[in-house]
Amino acid sequence: MLEVESLNQYYGGSHILRDVRMTVPDAELTVLLGRNGVGKTTLLRCLMGVVPTKSGTITWRGSKISSMATHARVASGLAYVPQGRDIFGRLTVEENLLVGAASRKAPSKIPDRIYDLFPVLRDMKNRRGGDLSGGQQQQLAIGRALMSEPQLLILDEPTEGIQPSIIRDIGRTLRQLVDEMGMTVLLVEQYYDFARELADRYWVMSRGEIVAGGAGSEMDAHGVRELIAV
Ligand SMILES: Nc1ncnc2c1ncn2[C@@H]1O[C@H](COP(=O)(O)OP(=O)(O)OP(=O)(O)O)[C@@H](O)[C@H]1O
Ligand SMILES: [Mg+2]
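Residues numbered from 1 in each chain as written. Chains lettered and ligands numbered in written order. Predicted model: local features only at pLDDT ≥ 70, side-chain atom pairs only at ≥ 80, totals over all residues.

### Remarks on the overall build of the protein
Here is the rule: Strands here are runs of E lasting at least two residues and helices are runs of H or I lasting at least four, both read from the DSSP assignment and numbered beginning at the N terminus. In this setup the radius of gyration rests on C-alpha atoms only. A globule is expected at 2.2 Å times the number of residues raised to 0.38. Each residue is classified by how many other C-beta atoms fall within 10 Å of its C-beta atom, where C-beta atoms are placed from the backbone; a count of 20 or more means buried, 12 or fewer means exposed, and values in between mean partly exposed. C-beta atoms are first placed from the backbone for all residues, and any pair lying within 7 Å is then listed as a contact.
Scanning the protein from terminus to terminus reveals 9 helices and 10 strands. By the compact-globule yardstick of 17 Å for 230 residues, the protein fits well, its C-alpha radius of gyration being 17 Å. Within the span of the protein, comprising 230 residues, buried residues form 42% of the whole. Residue pairs at least 24 apart in sequence account for 67% of intrachain contacts in the protein once pairs closer than 6 positions are excluded.

Right, here's the structure in full:
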């Protein structure tokens, strides 16, 4: 389980995360929802150690990771698919995947299971990342994160700007990672129907605070769609 306790973060003088408290249970898919600019990406960056936290603790499977460097968090089992994907456009698909294994010793081959999850990446392994469609790049970004063999996969709005057929594929893949491989997934999402369909649990963030949470099956009854409607 990932546990976040009283997390606070500031950009300059503005208080972005306010006493954030959240748990992400093992082998479940947890969705974090919230409108634009409420601090979702900032929270994920704090989880990964890409930005420092002002106060509070992050505990992963009983160990405090909040002061660890990003690479140490990756070594402890966390992986991150950033918003906007951050694919290397001039590297091939295969090279992009190998970058994801850079923290592990002597990576030289892409495991079959990555290509089995995303067959399109096998077909396109010698193409440049920049030549892929947005949806294919998103699949590549997920595949790259899986190269470190994470136990907790963190994704930031993977459906943003992607065609519906690939959104469905990505949803199926995420469920497969949880249900068949026992992975823990934390998904930041604004697309309500996608989130509702996938979520075992949910949290809602508003202006840097967690304002609601519960079982995924309760999202409709709890009015989450209205909470995040623009
Ligand atoms: N590097 C930065 N420096 C200063 N302010 C920032 C920085 N990054 C984000 N912010 C501000 O912090 C707030 C939270 O941003 P964040 O990107 O975490 O929100 P978000 O919930 O991920 O939004 P979106 O749904 O648009 O991705 C916003 O007001 C944003 O303008
Ligand atoms: Mg964001």
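On we go from here.
### Here's the deal with unusual backbone geometry
One non-glycine residue with positive phi stands out, namely Arg 85, at about 75 degrees. Here Arg 85 shows up in the loop between strand E6 (78–81) and helix H3 (93–100).

### Some words on the site of ligand 1
Applicable threshold: We count a residue as near a molecule or strand when its backbone-placed C-beta atom lies within 6 Å of that partner.
In the vicinity of ligand 1, the contacting residues are Tyr 11, Ile 16, Gly 34, Asn 36, Gly 37, Val 38, Gly 39, Lys 40, Thr 41, Thr 42, Gln 83 and Gln 190. By residue number, the principal contributor to the shell around ligand 1 is helix H1 (residues 40–48), which donates 3 residues.

### Some remarks on helix H6 (residues 134–146)
This is how it is decided: To estimate how far a helix should reach, multiply one less than its number of residues by 1.5 Å.
Look at H6: 18 Å from first C-alpha to last across 13 residues, which is about the 18 Å you get at 1.5 Å a residue. Counting buried residues in H6 gives 12 out of 13 residues, a clear majority hidden from the surface. In this fold, the buried residues of H6 make contact with E6, H3, helix H4 (112–117), helix H5 (119–123), strand E7 (152–156) and helix H7 (164–179).

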